[in-house]
Amino acid sequence: MEKRKKTIALVAHDNRKQDLKDWVLFNWYELIPHTMVCTGTTGLVVEEALEKKCEKYDEKAPEVIRLKSGPLGGDQQMGALIAEEKVDVMIFLWDPMEPQPHDVDVKALLRIASLYNIPTATNKATADFIISSPLFHEDYNPERKNYQDYLSRKIDINK
Ligand SMILES: O=C(CO)COP(=O)(O)O
């Protein structure tokens, strides 16, 4: 079966970056046909790990697009890409033990991923399930709810 090119969002908080790096290194070959889009610092870790691994095995490393660092707007940029339907899968290893200065952005990113029905992993086990799913290798279009009623609702502003 042809490997459908996907855009995979990869994001990890500092205490989870090692987990994400391990996951990327374990799945490096599976990731080659796809494009990674990452928040800034996560992108550095992912890019370096994939480049080293691919170089070792004489393979071309996949493209890694780096957005701004999460606390500097990267989570919001990622959310915007999801709203534009440009992300197929998101692996977001957020830190359940430490508050983040940009907690509202973290929540917003998780919310928008849920709204757009993006397959989302917030831990390595779920990331393993996603990448080993047959659907990962297919042209999968997640069902999107129709919000037409909401968009065309009457708003009474003359009270
Ligand atoms: O803060 C983040 C996600 O909320 C991740 O940002 P960095 O990848 O820049 O560390």
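Look a little higher up for the structure.
Given the structure is predicted, the values throughout are model-derived calculations rather than measurements.

Scoring rules and cut-offs
- Residues numbered from 1 in each chain as written.
- Predicted model: local features only at pLDDT ≥ 70, side-chain atom pairs only at ≥ 80, totals over all residues.
- Near = placed C-beta within 6 Å.
- Helix = DSSP H or I, 4+ residues; strand = E, 2+ residues; numbered from the N terminus.
- Nonpolar A, V, L, I, M, F, W, Y, C, P; charged D, E, K, R; others polar.
- Core = buried A, V, L, I, M, F, W, Y, C linked by C-beta atoms within 7 Å.
- Buried ≥ 20, exposed ≤ 12 C-beta atoms within 10 Å, placed from the backbone.

This part takes up the site of the ligand. For the ligand, the full set of nearby residues is Val-11, His-13, Thr-39, Gly-40, Thr-41, Thr-42, Ser-69, Gly-70, Pro-71, Gly-74, Asp-75 and Val-106. Of all elements in the fold, only α3 (40–56) and α4 (74–83) reach the threshold of two or more residues within the shell around the ligand. For the shell around the ligand, the element with the highest residue contribution is α3, accounting for 3 residues. When its residues are assigned to classes, the shell around the ligand shows 3 nonpolar, 8 polar and 1 charged.

With that settled, the discussion passes to the nonpolar core. In terms of nonpolar packing, the biggest core is built from 30 residues, with Ala-9, Leu-10, Met-36, Cys-38 and Ile-91 touching the most fellow members. Listing elements by their share of this core, those giving two or more residues are β1 (7–12), α1 (17–26), β2 (35–38), α3, α4, β4 (89–93) and α5 (103–115).

Let us now look at unusual backbone geometry. Most peptide bonds take the trans configuration, and most residues that are not glycine carry a negative phi. The phi dihedral of Glu-85 is positive, around 60 degrees, even though this residue is not glycine. Summarising the element assignment, Glu-85 is placed in the loop between α4 and β4. Even without a glycine there, the phi angle at Asn-117 is positive, about 60 degrees. In this structure, Asn-117 sits in the loop between α5 and β5 (120–121). Overall, the presence of 12 C-beta atoms within 10 Å leaves Asn-117 in the exposed class.

Purely geometric stuff here, so don't read any function into it on its own.
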